[in-house]
Amino acid sequence: DAGVTQSPTHLIKTRGQQVTLRCSPKSGHDTVSWYQQALGQGPQFIFQYYEEEERQRGNFPDRFSGHQFPNYSSELNVNALLLGDSALYLCASSFSGDRANYGYTFGSGTRLTVV
Amino acid sequence: LAKTTQPISMDSYEGQEVNITCSHNNIATNDYITWYQQFPSQGPRFIIQGYKTKVTNEVASLFIPADRKSSTLSLPRVSLSDTAVYYCLVGDPGRYALNFGKGTSLLVTP
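Predicted model, so just to flag it, every value in this text is computed and none were measured. (Residues numbered from 1 in each chain as written. Chains lettered and ligands numbered in written order. Predicted model: local features only at pLDDT ≥ 70, side-chain atom pairs only at ≥ 80, totals over all residues. Heavy atoms only, no water.)

Enquirer: Hey, could you run me through the state of the cysteines in this one?
Expert: Covalent bonding between the sulfur atoms of two cysteines defines a disulfide. Residue and element names in this part refer to chain A. Within the structure shown, the criterion is met by 2 disulfides over all chains. The side chain of Cys-23 participates in a disulfide bridge whose partner is Cys-91; the two sulfur atoms lie 1.8 Å from each other. Here the S-S torsion is close to -60°, and the disulfide linking Cys-23 with Cys-91 is therefore left-handed. Here Cys-23, found in strand β3 (residues 19-24), pairs with Cys-91, found in strand β9 (residues 87-94); they are 68 residues apart in sequence, far enough to count as distant. Judged by its relative accessible area of 2%, Cys-23 falls in the buried class. (Disulfide = S-S within 2.5 Å. Helix = DSSP H or I, 4+ residues; strand = E, 2+ residues; numbered from the N terminus. Buried < 20%, exposed > 50% of the residue type's maximum accessible area, 1.4 Å probe, protein only.)

Here's what the structure looks like:
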């Protein structure tokens, strides 16, 4: 049973460019969340998608946007990249009906380097 | 959101029991306590979750006192492969965002 799959695993972009990261949730999961993890820090919540809508958003600028598709997969888009956007971007999936269990399944992330 | 405080780092030898304590003085009634483990260049992995008293699974135990203002993750007989960052999270399962702090970096040596 595949877990959460993220692509690509590594990416190098230039300042000002745009990037799209992709995530396929674990089988049976219908909710996708995105996190940014800078070096030496804990993951920071960007936003969560459910039923193809953004359900909650963390403290990130509008340059960060997302999308969820009917098959529950998701994309994270970042426009006008800054050096400070360099980080590990993590996707986490969960099942909306599983409210008592707070256990999300995370992917291995996409390492984004902005130069 | 409940603020959590845990040690920045801990060291242990193989075979020892490791206890990592997390303080969460302003925990709310609906909040659960959840611990995640993260290896370098990987996503966090769910370890254990509890609401009160003691919870045990095949990986760890979680001890929560009656006032719920702290919790202790106990890892029995650690091995080198338990070297990782451990995060204590406190939150309402009805909320959507996981609130990670900086975690505790555990180093296990021979």
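Enquirer: Would you take a moment to explain the sheet that holds strand β6 (residues 61-64) of chain B for this structure?
Expert: The strands making up a sheet associate through hydrogen bonds between their backbones, and the pairing can be parallel or antiparallel. Residue and element names in this part refer to chain B. Taken in spatial order, the 4 strands line up as β2-β7-β6-β5 in an open sheet, and their pairing is antiparallel. Only two strands of the sheet have a single partner each, and these edge strands are β2 (18-23) and β5 (53-56). Between one strand and the next, the sheet's axes are offset by a mean angle of 15°, whatever the strand orientation. Relative to β6, β5 runs antiparallel, the two being bridged by 4 bridges. (Pairing = 2+ DSSP bridges. Axes fitted to C-alpha atoms, helices over the stretch in contact; angles between N-to-C directions.)

Enquirer: It is not clear to me how the pairing of strand β11 (residues 110-114) of chain A should be interpreted in this structure. Could you clarify?
Expert: Remember that side chains alternate between the two faces of the sheet whenever the strand is regular. Residue and element names in this part refer to chain A. The alternating pattern of β11 places Thr-110, Leu-112 and Val-114 on a buried face and Arg-111 and Thr-113 on a face that is not buried. Bridge count between strand β2 (residues 10-13) and β11: 4 bridges; the pairing is parallel. Looking at β11, one finds that Leu-11 is bridged to Leu-112. As defined by bridge partners, β9 adjoins β11 across 3 bridges and the pair is classed as antiparallel. Counted as the bridge partner of Leu-88 is Arg-111 from β11.

Enquirer: Is there a simple way to think about the pairing of β6 of chain B in this case?
Expert: All names here are of chain B. Taken together, β5 and the strand that follows it, β6, pair antiparallel across an intervening segment of 4 residues. Summarising the sheet, β6 and strand β7 (residues 70-75) pair through 3 bridges and their orientation is antiparallel. Along β7, the bridge assignment pairs Phe-63 with Thr-72. Between the end of β6 and the start of β7, which pair antiparallel, lie 5 residues, with Arg-68 showing a positive phi angle near 60°.

Enquirer: Before we go on, may I ask you to explain the interface of chain A and chain B in this structure?
Expert: Taken together, the contact between chain A and chain B spans 22 residues of the former and 22 residues of the latter. In total, about 2,000 Å² of surface goes out of reach between chain A and chain B, with carbon and sulfur atoms giving 51% of it. The interface formed by chain A and chain B holds 0 salt bridges in total. Where chain A packs against chain B, one counts 6 residue pairs in polar contact (both at pLDDT 80 or more). Going through the elements one at a time, β4 (31-37), β5 (44-50), β6 (53-57) and β9 of chain A are the ones with two or more residues in the side of chain A that touches chain B. Sorting elements by how many residues they give to the side of chain A that touches chain B places β5 of chain A first, with 3 residues. Residues of the side of chain A that touches chain B, tallied by class, amount to 9 nonpolar, 10 polar and 3 charged. (Contact = heavy atoms within 4.5 Å. Buried area = accessible area lost by both parts, 1.4 Å probe. Salt bridge = Lys/Arg side-chain N within 4 Å of Asp/Glu carboxyl O. Polar contact = N/O pair within 3.5 Å; in protein donor to acceptor, adjacent residues only side chain to side chain. Nonpolar A, V, L, I, M, F, W, Y, C, P; charged D, E, K, R; others polar.)

Enquirer: What exactly am I supposed to notice about the packing of aromatic side chains here?
Expert: Working definition: an aromatic ring pair is given by the centre-to-centre distance plus the angle between the planes. Going through the model one piece at a time under the given rule, you end up with 11 aromatic pairs over all chains. Both rings, one in Tyr-35 of chain A and one in Phe-106 of chain A, keep their centres 5.6 Å apart while their planes meet at 55°; by these two values the pair is tilted. Linking Tyr-35 of chain A in strand β4 with Phe-106 of chain A in strand β10 (residues 105-106), this pair joins segments that are 71 residues apart in sequence. On the basis of relative accessible area, Phe-106 of chain A is assigned to the buried category, the value being 10%. Residues Phe-106 of chain A and Tyr-36 of chain B carry aromatic rings whose centres are separated by 5.9 Å and whose planes lie at 85° to one another, so their mutual orientation is edge-to-face. You can see Phe-106 of chain A sitting in strand β10 and its partner Tyr-36 of chain B sitting in strand β3 (residues 32-38), one on each of two chains. Across the pair, exposure class does not vary: Phe-106 of chain A and Tyr-36 of chain B are buried alike. These aromatic residues form a ring-pair network of at least three members: Tyr-35, Phe-45 and Phe-106 of chain A together with Tyr-36, Phe-46, Tyr-87 and Phe-100 of chain B. The ring of Tyr-51 of chain B has Arg-68 of chain B lying over it, and the distance from NZ or CZ to the ring centre is 3.9 Å. (Phe/Tyr/Trp six-rings, centres within 6.5 Å; stacked < 30°, edge-to-face > 60°. Lys NZ or Arg CZ within 6 Å of the ring centre and 35° of its normal.)

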